[in-house]
Amino acid sequence: MHKRRGKRWLPAAVLSGALAAGAFAFLPAIAQAGNEDDAKQPSAQADFTAAAAEFKVPVSVLQGVAHEESGWQQHTGYSNTGGWGLMNLTDVTSEMVADGSAGASGRSDLTSFTGHPELHTLRAAAKLTGIPADQLQHNQKDNIRGGAALLASYQKQLTGSTSADPSQWTAAIAKYSRMSDRKAATSYVHDVFATIASGARQDAKAAAGSKTAGSTAATGSKAAAAPAGHTAAVTMRAVPSAKPVTGQLTKLRLKDTASPQAECPQSMNCQFVAADPSNGQVSDRPANGIKITQIIIHTTEGAYDDAIKTFQTPGGASAQYVMRSSDGAVTQMVANKDVAFGDGNYDSNLHAVQIEHEGFSAHGADWYTTAAYEQTAELVKYLAARYDIPLDRQHILGHDNVPGPSDATLSGMHWDPADGWDWTRFMQLIGAPFDLGAHGAGPVGSAVTITPGFSENKQTYTVCPADDPTGEVTTCTPVTAPSSALFVRSAPSDDAPLILDPVVHPDAGAKGGTDSVSDWSVTVQAGQQFVVAGQQGDWTAIWYDGQKGWIHNPGGSNTSPAPGARIIKPAGTTAAPVYGTAYPDASEYPSGLSPSKQAPLTAKNYSIPVGQAYVADQPPLGSADFFPTGGKVVTGAKRYYTVQFNHRYILVNSADVTETPTARH
């Protein structure tokens with residue numbers, strides 16, 4: 001399998017939440033220890049005991065916090081918080097912000113995204129202990145010492161001294177959570193104390209295929225560094241008398257941020273619980289000129305409650321809404337006027353409302369319930385009417401339809417909710433059906449809508465453990481299931497290679513893409529529109545990803561003509577550039593504001609060649625940028641089409657293309 005970034009922010013919460021509850025339902029399958037590398041691993045039990053004694057922290061407090069932070073699993077720059085080791089010492093870098101949920105690649109103000117002390121506990125631990133940051137990251141013993149030093153410093157700061165009584169560490173534990181919201185911090189504290197009171201045990205395991213990490217800066221010893229994914233062997237004795245002293249939380253000046261009224265239709269079961277402020281930006285959309293033009297559908301890759309907890313943790317992702325699978329209940333976490341860091345592309349975040357759905361993309365059809373479809377439809381109709389968002393598949397999107405903001409991010413964008421989300425059903429529910437007319441494929445140069453249905457459109461994907469945080473899949477397995485998608489091949493034949501996206505599959509020997517459930521680069525989805533490039537037997541060619549791709553379409557059964565679609569082509573004699581963002585030109589920024597970088601994508605195939613054509617559902621829109629300090633908005637004169645380029649949309653400067661509407665019938 002080729003590598004791509006998964007939904008990295010949620011598995012940490014899944015691990016900690018599941019373990020705290022004494023359940024392992026959501027843990028990924030990992031191999032039992034027993035190989036030579038595992039035998040060399042240091043004893044986490046001894047490391048916890050030694051660090052607790054050194055810094056005068058009750059060992060149950062130290063183990064309980066580590067349990068909540070990492071599930072006693074070795075983190076290696078994990079998630080958007082940059083967590084390291086069993087103590088999850090955080091260090092969010094500018095590179096992570098550029099490549100993470102904020103999608104801030106190309107922005108000049110990256111330091112404003114990372115300028116929060118709670119995002120850099122690794123540095124604080126290094127200062128307290130005198131241990132180099134690299135050693136705290138990679139050496140298990142020192143990582144635990146760093147976490148103990150932090151807890152002890154918090155305890156002394158808040159109470160004046162350390163204590164042998166775990167209950168007296170309530171405020172210090174809350175401060176370690178890095179959470180600023182009272183309810184979120186209180187929930188974290190109660191989870192830690194639940195583990196302390198009940199005790200816990202975990203046998204050593206190692207992630208399948210993992211190897212011992214490289215030598216540490218100080219010792220050069222492989223045995224000192226746990227491998228990525230390594231799960232420590234720890235026994236935590238129960239302390240039934242330990243209970244949080246919640247009155248201590250007043251020392252932290254926590255905020256009660258769960259007060260705004262949820263923005264939902266009155267018929268919905270909807271509450272508001274605020275995400276951490278570092279996981280988004282305060283704005284005033286659309287009153288400040290930033291239009292809301294997209295609604296993005298996501299999958300949590302974990303439990304509903306864990307998603308809420310994750311969004312309350314600083315340094316990660318957020319969304320406006322989280323929806324429960326069982327009954328469609330909704331928790332709003334970011335006001336719609338504000339920007340949530342949800343989809344890895346800041347320009348998209350700037351103009352989008354994000355909706356997370358409880359579930360797992362690899363098993364989507366099993367998790368996307370009738371309640372979830374119906375309640376999401378109610379919410380989307382409400383939002384679309386409120387913000388005048390077009391009800392089409394270039395504005396009602398999956399996370400897997402959002403492009404990377406830069407060449408470096410194109411291949412690693414998320415793939416949820418994947419092809420198991422029934423787009424045909426959902427668009428019908430919101431009153432924008434695309435599959436009511438006659439099926440068929442028009443002549444070369446005309447536009448078609450992808451209309452394969454869902455229930456009867458069975459496709460076979462390979463699901464691997466890396467795709468499935470439930471742990472249900474323990475080896476790469478072919479799974480046949482209903483799908484909203486069709487595979488795109490390089491030639492009109494069932495045995496032709498799947499189309500090759502050289503950005504996603506850069507290997508020199510690659511002949512095509514894969515049938516992996518996470519390989520978004522080889523499918524088209526229901527409701528998307530493309531231009532017909534050819535016809536041969538049961539196969540229809542479309543312009544796709546800068547290439548001619550072929551979809552199986554016997555008798556036109558999987559497509560419908562799309563009269564009235566806007567078809568764009570390069571305006572000149574050279575390929576039209578494409579973009580992942582739409583920022584103003586540098587000259588349009590006023591003095592004192594550093595311009596974001598608006599540059600075309602230059603990755604292989606990322607342009608619209610002469611002779612090819614693509615579909616844009618709506619007229620082009622102007623560019624915009626936002627600076628939260630002072631709430632300043634910058635707008636640009638250039639206008640950009642949203643264009644269906646491959647599985648994802650792309651942006652095209654209207655000056656670089658010509659538009660030809662197809663005839664309406």
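As shown above, the structure is provided for reference.
Residues numbered from 1 in each chain as written. Predicted model: local features only at pLDDT ≥ 70, side-chain atom pairs only at ≥ 80, totals over all residues. Heavy atoms only, no water.

Q: Could you give an account of the pairing of strand β24 (residues 566-570), naming the residues involved and the relevant values?
A: Taken together, the 3 bridges between β24 and strand β27 (residues 614-616) define a ladder with antiparallel strand orientation. Residue pairing across strands places I567 opposite V615, the latter belonging to β27. Judged from the 5 bridges that link them, β24 and strand β31 (residues 657-661) form a sheet pairing that is antiparallel. Across the sheet, residue I567 finds its bridge partner in β31, namely T660. (Pairing = 2+ DSSP bridges. Helix = DSSP H or I, 4+ residues; strand = E, 2+ residues; numbered from the N terminus.)

Q: Explain unusual backbone geometry to me, and be specific about the residues and the numbers.
A: Looking along the chain, the bond that leaves R285 and enters P286 is cis, with omega of -15 degrees. Tracing the backbone through its elements, the reader meets P286 in the loop between β8 (280-281) and β9 (294-299). The peptide bond linking D416 to P417 adopts the cis configuration, its omega dihedral lying at 0 degrees. Residue placement: P417 occurs in the loop between β14 (396-398) and α16 (423-429). Even without glycine at this site, N88 takes up a positive phi of about 55 degrees. Relative to the helices and strands, N88 is located in the loop between β3 (83-84) and α5 (94-99). We classify N88 as buried; its relative accessible area is 7%. Positioned with a positive phi, A418 is a non-glycine residue whose angle comes to about 70 degrees. In this fold, A418 is placed in the loop between β14 and α16. Of the residues examined, A418 reaches a relative accessible area of 4% and is grouped as buried. (Buried < 20%, exposed > 50% of the residue type's maximum accessible area, 1.4 Å probe, protein only.)

Q: Describe the state of the cysteines, with residues and values.
A: Across all of its chains, the model carries 2 disulfides by this definition. Across the disulfide from C264 sits C270; the S-S distance is 1.9 Å. Put simply, C464 and C476 are joined by a disulfide, and their sulfur atoms are 2.0 Å apart. Sign of the S-S torsion, about 120 degrees for the bond between C464 and C476, identifies this disulfide as right-handed. Of this pair, C464 sits in the loop between β16 (458-463) and β17 (477-482) while C476 sits in the loop between β16 and β17, and the two are 12 residues apart along the sequence. The class for C476 is partly exposed, based on a relative accessible area of 44%. (Disulfide = S-S within 2.5 Å.)

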